[in-house]
Amino acid sequence: MTSISLLSALAYVEVILCAAGLIAVSVRKQWQDYGALGSFLAIRMVSDVAGLGINLLAAKNPAEAGALYYPYFYTYWTSFAVESVLALLIVYGLFRLAMAPLKGLQTLGMLVFKWAAGISVAVALGSAFTPGMTGMKYLNAAISQLQRTQSILTLCLLLFVTFAIRPMGLSYKSRIFGVSLGLGVLATNDLVQSAWLALNPNMATTYNYVNGIIICLVLVTWGAYFALPEPKRRLIVLPTTSPFLRWNQISEALGDDPGYVAIGGVPPELFAPAELEVMRRASLKMVTPFPAPAEQRVTASTAV
């Protein structure tokens with residue numbers, strides 16, 4: 001089997017596994033929680049099918065191979081950029097699901113994640129700009145930098161989920177952990193691939209085998225997690241001294257609108273007539289009459 005046929009076989013397997021993952025997500029009715037993952041699998045499958053079709057046309061018509069390079073180029077890089085953005089959305093969704101029992105920390109963490117993702121995109125676009133880097137070269141560099149930034153964020157999330165999985169009532173059989181594990185493997189693979197190709201540009205074909213095998217293993221893992229029943233989430237019982245409980249209470253209080261108290265100087269015009277009447281009657285009830293004592297009353301007999 002030649003190298004081209006082996007890579008094509010891995011691409012066919014990847015298409016089948018993406019389709020199986022989409023079916024598993026649909027059958028389990030998990031699109032509401034894992035819609036970004038389903039979109040990621042769909043984009044990956046469409047991109048692989050398009051790439052295989054272009055390669056087949058190039059094999060049948062070698063004279064047109066040069067012209068077919070541009071459709072393949074744009075298909076690859078467009079799907080690569082969309083997959084990087086969807087990976088960020090997957091990470092965002094996983095954090096939201098993992099922190100669902102602690103609404104305060106969930107809200108605060110999601111806000112921090114949005115800022116981190118926005119800054120990461122801005123840094124990726126800015127760092128890719130160098131003198132002489134214009135057009136498609138700049139776009140390729142920006143997309144590659146965005147992918148590396150997304151990989152680092154994914155690894156940070158995996159580290160958090162690994163340490164917080166028990167306190168959050170999850171287990172290693174939960175889909176949150178399974179999807180996080182797969183994303184972590186993909187992120188590590190992408191970072192290693194980027195460093196490998198920078199040091200060994202002539203070994204791209206060799207690493208393509210490793211990349212294809214790793215992707216297939218990740219897709220098998222995701223399919224297994226969605227095909228198998230997920231254990232129920234345990235009830236979270238935190239001690240009163242738990243930092244999770246304290247941080248959650250603080251986070252919930254940060255977004256509350258405080259009450260307001262009127263301090264003097266309120267003109268009567270601010271109140272409705274009915275309110276003024278209620279306050280007048282209440283004030284009359286609070287006034288206690290003070291009749292003169294019997295021994296102090298002046299009569300004709302005492303006057304004499």
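The coordinates are above.
Residues numbered from 1 in each chain as written. Predicted model: local features only at pLDDT ≥ 70, side-chain atom pairs only at ≥ 80, totals over all residues. Heavy atoms only, no water.

## Observations concerning the pattern of salt bridges
(1) Moving on: Going through the model one piece at a time under the given rule, you end up with three salt bridges.
(2) Moving on: Measuring nitrogen to oxygen at the nearest pair gives 2.6 Å for the salt bridge that ties R44 to E14. One end of the pair, R44, is in helix α2 (residues 31–60); the other, E14, is in helix α1 (residues 3–27), with 30 residues separating them in the sequence.
(3) Moving on: A salt bridge links R44 to E83, with the shortest nitrogen-to-oxygen separation between them at 3.1 Å. With R44 in helix α2 and E83 in helix α3 (residues 65–98), this pair connects stretches of sequence that are 39 residues apart.
(4) Moving on: Relative accessible area serves as the criterion here: at 8%, E83 is assigned to the buried category.
(5) Moving on: When salt bridges with common partners are traced through the structure, they connect E14, R44 and E83 into a single cluster. (Salt bridge = Lys/Arg side-chain N within 4 Å of Asp/Glu carboxyl O. Helix = DSSP H or I, 4+ residues; strand = E, 2+ residues; numbered from the N terminus. Buried < 20%, exposed > 50% of the residue type's maximum accessible area, 1.4 Å probe, protein only.)

## Observations concerning a nonpolar patch on the surface
(1) Moving on: A cluster of nonpolar side chains, L108, L111, V112, W115, I119 and V123, forms an exposed patch at the surface whose accessible area comes to about 600 Å².
(2) Moving on: Among the secondary structure elements, V112 is positioned in helix α4 (residues 103–127).
(3) Moving on: Residue classification places V112 among the exposed positions, given a relative accessible area of 51%. (Patch = residues over 30% accessible without salt bridge, like charges linked within 9 Å, V, L, I, M, F, W, Y side chains within 5 Å. Areas by Shrake-Rupley, 256 points an atom, 1.4 Å probe, with all protein chains shown as cover.)

## Notes on the nonpolar core
(1) Moving on: Judged by nonpolar contacts, the single largest core of 41 residues is most densely connected at Y34, I90, L94, V179 and W222.
(2) Moving on: Secondary structure elements with two or more residues in this core: α1, α2, α3, α4, α5 (135–164), α6 (175–199) and α7 (204–227).
(3) Moving on: No other element matches α3, which puts eight residues into this core.
(4) Moving on: Apart from residues lying up to four places away in sequence, W222 is in contact with L37, F40, L41, G178, V179, G182, L183 and L186.
(5) Moving on: In this structure, F73, W77, A81 and I143 belong to the second largest nonpolar core, which totals five residues. (Core = buried A, V, L, I, M, F, W, Y, C linked by side-chain atoms within 4.5 Å. Contact = heavy atoms within 4.5 Å.)

## With respect to the environment of L88
(1) Moving on: Structurally, the position occupied by L88 is in helix α3.
(2) Moving on: C-alpha of L88 to C-alpha of K114: the two residues are 26 residues apart in sequence and 9.8 Å apart in space.
(3) Moving on: Ignoring any residue separated from it by four or fewer positions in sequence, one finds L88 in contact with F113, L146, Q150 and L153.

## Quick notes on the side chain of N211
(1) Moving on: Inspection of the secondary structure assignment puts N211 in helix α7.
(2) Moving on: Ignoring sequence-local partners within four residues, the contact set of N211 consists of N189 and Q193.

## Brief notes about unusual backbone geometry
(1) Moving on: Positive phi values are uncommon outside glycine, yet K29 reaches one of about 55 degrees.
(2) Moving on: Mapped onto the secondary structure, K29 falls in the loop between α1 and α2.
(3) Moving on: For K29, a relative accessible area of 74% gives the class exposed.

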